[in-house]
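Structural characterization, general
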Amino acid sequence: MNKYISNIVNPGDQICATLECAGQRLASVNGMNFSSLESVKRALLDLAGRFAGLAVITVRNCTQGWRDVTTLSRMRRPAALPSPELASTPHRGAQYLIPWAS
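Source: prediction; values computed, not measured.

How each quantity is defined
- Residues numbered from 1 in each chain as written.
- Predicted model: local features only at pLDDT ≥ 70, side-chain atom pairs only at ≥ 80, totals over all residues.
- Heavy atoms only, no water.
- Helix = DSSP H or I, 4+ residues; strand = E, 2+ residues; numbered from the N terminus.
- Buried < 20%, exposed > 50% of the residue type's maximum accessible area, 1.4 Å probe, protein only.
- Contact = heavy atoms within 4.5 Å.
- Areas by Shrake-Rupley, 256 points an atom, 1.4 Å probe, with all protein chains shown as cover.
- Pairing = 2+ DSSP bridges.
- Disulfide = S-S within 2.5 Å.
- Core = buried A, V, L, I, M, F, W, Y, C linked by side-chain atoms within 4.5 Å.
- Axes fitted to C-alpha atoms, helices over the stretch in contact; angles between N-to-C directions.

1. Things to note about the overall build of the protein
Of regular secondary structure, the protein possesses 1 helix and 4 strands. Along its sequence from the N terminus, the protein presents helices and strands in the succession β-β-α-β-β. Residue burial in the protein is summarised as follows: out of 102 residues, 24% are buried. Long-range pairs, those at least 24 residues apart, make up 46% of the contacts in the protein between residues at least 6 apart in sequence. Here the protein has roughly 8,200 Å² of accessible surface; of this, 55% comes from carbon and sulfur atoms.

This is the structure in structure tokens:
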């Protein structure tokens, strides 16, 4: 079996695809007129919106009879830093003193 066969999507192919993360289906598409495998995956990511974690994208070409399973991980974006006026510094200048270690 050749592992290097590329999965080609033609505009007339019937495509069924899902994106799942943490056991929940975040997006699914069923249709035709996709120009490539990447356009199917992009449509799923656009429908899913923001998520964090490990996701599984499953694309099934019902016309040609193949299936492609891809994993994708997304990290949470770091929270915005507070403005300097709101940030308070507990101690300025010298070294911190630990009472029990002195």
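Once the structure has been displayed, the description carries forward.
2. Remarks on the pairing of strand β4 (residues 66-74)
Two strands pair when backbone bridges link them, and strand β3 (residues 53-61) and β4 are joined in this way by 9 bridges, in the antiparallel orientation. From the neighbouring strand, glycine 53 faces β4, where its bridge partner is arginine 74. What sits between β3 and β4 in their antiparallel hairpin is a turn of 4 residues, with glycine 65 showing a positive phi close to 85°.

3. Side note on the state of the cysteines
Per the stated rule, a full pass over the model turns up 0 disulfides. No disulfide involves cysteine 16; its sulfur sits 3.5 Å from that of cysteine 62, the nearest cysteine.

4. Quick look at the nonpolar core
In terms of nonpolar packing, the biggest core is built from 18 residues, with Ile15, Ala17, Leu19, Val40, Leu44, Phe51 and Val59 touching the most fellow members. The set of elements that each furnish at least two residues to this core consists of β1 (15-21), β2 (24-31), α1 (37-48) and β3. Of the residues forming this core, the biggest block, 5 residues, is contributed by α1.

5. A few points about the sheet that holds β2
In sheet architecture, strand pairing relies on hydrogen bonds along the backbone and comes in two forms, parallel and antiparallel. The strand order across the open sheet formed by 4 strands is β2-β1-β3-β4, and the pairing between neighbours is antiparallel. Two strands close off the open sheet at either side, each with one partner strand: β2 and β4. Each adjacent strand pair in this sheet contributes to an overall mean axis angle of 15°, direction not counted. Lying over the sheet, α1 contacts β1, β2, β3 and β4, oriented at roughly 135° with respect to β2.

6. Quick look at the pairing of β1
β1 sits mainly inside the fold: 5 of its 7 residues count as buried. As defined by bridge partners, β1 adjoins β2 across 7 bridges and the pair is classed as antiparallel. Bridge pairing in β2 links alanine 17 to valine 29. Inspection of the sheet shows β1 paired to β3 by 7 bridges, in the antiparallel sense. Within β3, the residue paired with threonine 18 across the bridge is threonine 58.

7. Details of the environment of valine 69
Along the chain, valine 69 falls in strand β4. Residue class for valine 69 comes out partly exposed when judged on its relative accessible area of 44%. Separated by 52 residues in the primary sequence, valine 69 and alanine 17 place their C-alpha atoms 9.7 Å from one another. Residues contacting valine 69, with those up to four places away along its chain left out, are Val56, Ile57 and Thr58.

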